[in-house]
Every structure is written in C-alpha cells, then in structure tokens.
Amino acid sequence: MLLLLLVAFTSCTKNQRSENDYPILPASPQQVELRDQFWTKRMATSRKVTVPYCFAKCEETHRIANFEVAGGLLEGTFEGIRYNDSDVFKIMEGAAYLLQQEYDPELDKYLDDLIFKIAAAQEDDGYLYTIRTIKGDSAMTMREGKQRWSEVRNHSHELYNMGHMYEAAVAHFNATGKRNFLEIALKNADLIASVYGPDKRHDAPGHQEIEIGLVKLYRTTGKKKYLDLARFFLDERGKSDIRNYASSSPWENGAYWQDHKPVTEQDEAVGHAVRAVYMYSGMADVAALDGNQQYIDAIHRIWENVTGKKYYITGGIGALYEGEAFGENYQLPNRAYNETCAAIANVFWNHRMFLMSGESKYIDVLERSLYNAVLPGISFEGNTFFYPNVLEHDGNDPFNQGAANRKPWFDCSCCPANLARFIPALPNYFYAQAGDEIFVNLYAASTASFNIRKRDIHIEQHTKYPWEGNIRVVVSIDNPVDFTLKLRIPGWAQNKPVPGDLYSYLPENEIPVRLFINHEPADIDTVKGYVALTRTWKQGDEVELVLPMAVRKVVPNIQITELTGKVAIERGPLVYCAEQADNPAGVLNKPRDTGTTFQAVFEPNLLQGIVKLKAADGFSMIPYYSWSHRTPGEMAVWFPEASSKMAEKSQL
Ligand SMILES: [Zn+2]
C-alpha cells in the first residue's frame, strides 16, 4: 500500500508546482520523520484522539447530518450555524494529512463515506451550502443571505466554506490519489468562476479563505482560471461603490473584513484577525505565482506593522474580544483575545513569507507563534481547547467562551477544527529546499530526505530541543555531493526576541552561539539569518550547533502602556508563565526582581515532561503552552519589576 500511495503521490504532484511559484519548497511529510519527544506525542494524539474526537463531535452536533439532510439521505432540518460545514472540511483536511503519513483503511473509508454525503449535498450545478439547500431561500435570514451570494461580502460565509472544502479536497487527492472529493471541489469552483469575474458578479468575500483554496486548486489542476479567480477576489476589496455595511459596526467602513482599502494600499493589520491573516496568506500565494509586486509590498508593510506593534510576546495576534480583531498599535492587553485560529493563520502566513524570501526572521515569528500561541490552544489529551488565549488569569474569569479552562467544543468550533488540520501537517515546517540549498528551520530530533542533482541526501537531526540547545546534524549520503546546508540561528539566540523593537531582552552576559563542523569550531557568519555551509558533503559529516539556553528577561516597548514596568521570562523558544499550582500565594501582581536567577530543571513527570524554572525564593515557572492542566488558579506571563534600576532600563 505504501508503494501505491507513493505512486499516487508522485503522479499527482506533477502539476503542483509551476516554475513560477515560491522559490523555496517545504520538505513534505513524506520527506520528514519527526522522532522527538515533544512533537511526536502531539502528532500521535492528533491521530488517536483529536481527529476522531472532532469527527465524533461533528456527528453529535448535526454538522455531518446537515450534509445527509441536504442530500436527501436523512429526514430532518439544518441545525447549527451556517458555516459549520467548514469544520467538517477542516477535520477532513487533517485526516488526509494523517492518511498521507500512514495509511489507515478505516480512516480512508470514513472519509469516502463522508465524501459520499457531501456529494449528495451538492446541488446539480455545483452549489454547496447545506443551510440553503435544506431550508430554501424563503427561510434564509440576512446573515445567511436571502439568495445565493447576496451576503457573500458580509456574513453568509458561502465562499469561506468552499475555501476550506478546496483545501481538504486537495489534501485528500494528494493523500489517496482518489478524485472523488476533488471533483466535488472542482464542480463548485467552476460554478463560482461562472458567477464571479470582471464581467460578472463582484463581491469581496466577507470571510477570506477561498483565495487560499483556489490557489491550491490551481496548483493541482494547472487551470489558470482558479488562480485568476483568487486574484479577482483579492482585487475586489476596497471598492467603496459597492459597499453597504451595517452602521452599527465599529468597523463600518469595511475594515472589519479588510474591505476598507484595496489590498495593495493596506499597510496596517485591522479588523478580524483570522480573516486578515488568511487574506495576507492568499496574497502571498498569488504573488508567488504571478510576481505581483504590489501584493508583496503590501504584505511586507503589514508584516512590519504586526510584528512591530500588534504582536504578543507569546506570538498571539488579534488582541480584542470585540470583533475578534486586531487592536490599535501597541494595544496588547493581557486579557487578550488571541484566537487560536489567528495563531495558526500567523504560522501559515509567516511560512509563506519565508518560502518567498528565504529569510529566517519569518521562521522566528513562526516558531514563537507555534510553541507559544498555537500549542496552548489544545490540551495534552487532545480533546479540550482554548478559543481565546489570555496572558493573565485569576482562575475564575470565564474568558474561554464561558469557561475558565479549556473546553471540549464550542458552538463555533473553528479552533478545534483548525488544530485538527494543523497538527498533522507539522512536519511541513521543519525543513525546506531551494535547488542545492537545504534549510533546517525548526529543531527537533528528526530525519529528512532530499534529492539534489539526482543524489539522495539524508539528514539526521539529534537534539532535545526545546529543552536543550545542542543540535547535531549528520549527513548520510552514498557519494560526496556539493550542497549548502543552512541552519537557522534563531533571533532569540542572538539577543533579539522579535524582528522589530516591540520587545527586547534585558542585558545579560550573553553566551554566543557556537558551531562545530566535524567537531572543529567554525565561524558563524549568517546570511538572511542562516549560517550557510557550502561544501562537498560526504557520508557521516556532522555539524553541531549550540544555542545558548539561558533564562532571558523580556521587557516591552515603552509604548505598550499595559505592560509598563513589567518583565516576562523566556528560555529558548519558550515563553514561561507562573501558575498558582506551583506558587500557592498566587502570581498576579507579585513583583519580581529582575535580578532573580533561575535554575532550569527538567521534570520528566510534570506536564508531560518540561523544564521548570525555579528561583531561590521558591517561585517557579512553567512553559506557557502547558498552563491550565492542573488545579485552576492564577496565571501570569508578565510581572511588575521589583527593581527600580531595571525599571529605568526598560524605559530606554
Ligand atoms: Zn477559531
């Protein structure tokens, strides 16, 4: 079966990459095997728990029955929210990634059964929106759109749902070689392409996502009309003559869904964070394919704005509960919204920015968001979730949609479904290749295979990252080959927590990064944030990178008024927090002397194995991603500085 799958994979990747695409290609999950203690546990939990659990919740909550009812396979009516179809698609996408990595006949059959129901729910001309098919136009409200497409630019989410279907269908095709799901997607995309276009209907989709899906359909089929449609939807934004928004919205000029200006004129991240960042990702995809420099310039400007003014130390984005939206510049309250989906979207976007540029700063942002904003969203058990992610908690505040801890599901369950598709795709982010350059972006014990000038190259990475900073990369090769091995030197290891000046580290006795090639010390000259080792590599060649795992104290930019005089603690790529479970006297507003020294101790039986930070006075901290797994109590990431001397420094 593995052979069959490989054949299927090879045959269907033929069309996936035109010459004009991202110059860097991520190493696929077929090329990468994670062998570490940190991520493999999460991947296994995704396979054993999260994906089947989320499918079960979709059955329990009528999300799947909606397809059956729409398809005439079941008596009943529509139940739930109009965009619940998208949750099913997202979980199917995650299931397809699982299938691609390891064939599972039961999962394959489950997906085929689901695809049968989705096909039944699709109307003859390709339209798919179960609520309308079941209830009919006469029962539709303004939010759903009284007629097809009538509320696309506001709330109907008809196109949003379809974007997720396209992503899932492409993932399923790539995993199985079967066209049953892909044909449903193409039939729908053909319908939408017949309705929308320069001389047809015009709408800027209210919730972006279809743009990303259409690009994937283009890569899979080579049909340019899908790419053109993605670009069309992006270019529809900011055309004021067709806007007609409810005046009660605080973003009545369309900024809520990034429709206030043409995308090429946007320079600040505003409005609903997930919509915004899906849009920036879609712009990156289209620009990678057609070289649209105006798109590239715009997403660079917006990226500078996000990382320089709207980015939490945890890598979360989207500060406000109202509208699930970005705040003003430097408006970063600790009672943050920080939707888990927005953190996932930030990983998607920054990965694309890297694939376009080869610059490590994007992976720095990706890494911070991955460990400290995506991962907190899901429990170790894999079946409870955060939707918002706060940086401070009193133990009682029901910030998580009515709960003070992770919840098993939500009425709008975008975040669990997004995690169900994100975690199985994790191997995508570790390595990449551009011609004869191999990028090692994220560190974890793993193996990866590449082909350079028809030679197979295997890389083995040995490390206990994120707990230890020693990374040994061993090359395995039949005959010597010339290539460039690029190892990312994280910003945090060079005294720079973020690319801009939003946060900085208090000065410490900095231990430099060290590098050894075949056990000999080597110089570290970075290009675009990577140490680039070009040589004729031979069997057994070994590179060792030693990243200093000091405990670092972070101070905020003075313009973040909420954090004036506060300090946060990091070690390696991880942001730390303090919980009452370790500090019985509580942790909120308890000043810390920034001169505090911490002992880093690996505790294998605590919170699935973590490095705990312990101060001499008994104060102790855990990685932020692991909070809310024990007795509820206070939690804090930022602490008032006890030392006025240090307070002065933070004002600099
Ligand atoms: Zn969400």
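Residues numbered from 1 in each chain as written. Predicted model: local features only at pLDDT ≥ 70, side-chain atom pairs only at ≥ 80, totals over all residues. Heavy atoms only, no water.

### Considering the sheet that holds strand β15 (residues 542-546)
Now for step 1: A sheet is described by the order of its strands in space; here seven strands give the open sequence β2-β6-β7-β8-β15-β11-β12, paired in antiparallel fashion. Either end of the sheet is taken by a strand with one partner, and the two such strands are β2 (32-34) and β12 (520-522). Averaged over all neighbouring strand pairs, the angle between strand axes comes to 20 degrees, with direction disregarded. (Pairing = 2+ DSSP bridges. Helix = DSSP H or I, 4+ residues; strand = E, 2+ residues; numbered from the N terminus. Axes fitted to C-alpha atoms, helices over the stretch in contact; angles between N-to-C directions.)

### A look at the packing of aromatic side chains
Now for step 1: A complete count under the given rule lists 37 aromatic pairs for this structure.
Now for step 2: With centroids separated by 4.8 Å and ring planes inclined at 75 degrees, the aromatic side chains of Phe 38 and Trp 39 adopt a geometry described as edge-to-face.
Now for step 3: For Trp 39, a relative accessible area of 1% corresponds to the buried category.
Now for step 4: Consider the rings of Tyr 280 and Trp 349, whose centres lie 4.8 Å apart with planes at 45 degrees: the pair is tilted. One end of the pair, Tyr 280, is in helix α11 (residues 273-290); the other, Trp 349, is in helix α13 (residues 340-357), with 69 residues separating them in the sequence. Here Tyr 280 matches Trp 349 in class, with each residue buried.
Now for step 5: Through pairs of rings, three or more aromatic residues link up here, namely Phe 38, Trp 39, Tyr 371, Phe 380, Tyr 443, Tyr 465, Trp 467, Phe 602 and Tyr 625. (Phe/Tyr/Trp six-rings, centres within 6.5 Å; stacked < 30°, edge-to-face > 60°. Buried < 20%, exposed > 50% of the residue type's maximum accessible area, 1.4 Å probe, protein only.)

### Some words on the coordination of the zinc ion
Now for step 1: Taken together, the protein donors to the zinc ion comprise Glu 339 (OE), Cys 341 (SG), Cys 414 (SG) and Cys 415 (SG), at separations of 2.0 to 2.3 Å.
Now for step 2: Seen from the zinc ion, its four donor atoms lie at angles of 97 to 119 degrees, and the figure they make is tetrahedral.
Now for step 3: Between consecutive donor residues of the zinc ion, the sequence gaps follow E-x1-C-x72-C-C. Of this pair, Cys 341 sits in helix α13 while Cys 414 sits in helix α15 (residues 414-422); the two residues are 73 residues apart in sequence, bridging distant segments of the chain. Here the two residues Cys 341 and Cys 414 agree in accessibility, since each one is buried. (Donors = N, O, S within 2.8 Å, 3.2 Å for Na, K, Ca; no water. Tetrahedral: all angles 85-135°; square planar, octahedral: opposite > 155°, others 65-115°.)

### Some details on the confidence of the model for the protein
It should be kept in mind that the predicted coordinates are not to be read in detail where pLDDT is low.
Now for step 1: On average, the protein scores 94 in pLDDT, and the residues at 70 or more come to 94%.
Now for step 2: For the stretch residues 1-16, pLDDT sits under 50, and the model shows 19 contacts to residues farther than four places along the chain or on other chains.
Now for step 3: This model gives residues 644-652 a pLDDT under 50, and the stretch forms eleven contacts once residues within four places in sequence are excluded. (pLDDT = per-residue confidence, 0-100. Contact = heavy atoms within 4.5 Å.)

### Focus: the pattern of salt bridges
If the charged atoms of two oppositely charged side chains come close together, the side chains can form a pair.
Now for step 1: This model, assessed by the stated rule, comprises 41 salt bridges.
Now for step 2: Arg 488 is the partner of Glu 367 in a salt bridge, and the nearest nitrogen-oxygen pair spans 2.7 Å. Residue Glu 367 is located in helix α14 (residues 360-374), and its partner Arg 488 is located in strand β9 (residues 481-488); the two are separated by 121 residues in the primary sequence. For the pair formed by Glu 367 and Arg 488, the shared burial category is buried.
Now for step 3: With a closest N to O distance of 3.6 Å, Asp 436 and Arg 453 form a salt bridge. Residue Asp 436 is found in the loop between β4 (431-434) and β5 (437-440), and its partner Arg 453 is found in the loop between β6 (446-452) and β7 (455-463); the two are separated by 17 residues along the sequence.
Now for step 4: Overall, Asp 436 belongs to the partly exposed group, its relative accessible area being 32%.
Now for step 5: Given the relative accessible area of 52%, Arg 453 is considered exposed. (Salt bridge = Lys/Arg side-chain N within 4 Å of Asp/Glu carboxyl O.)

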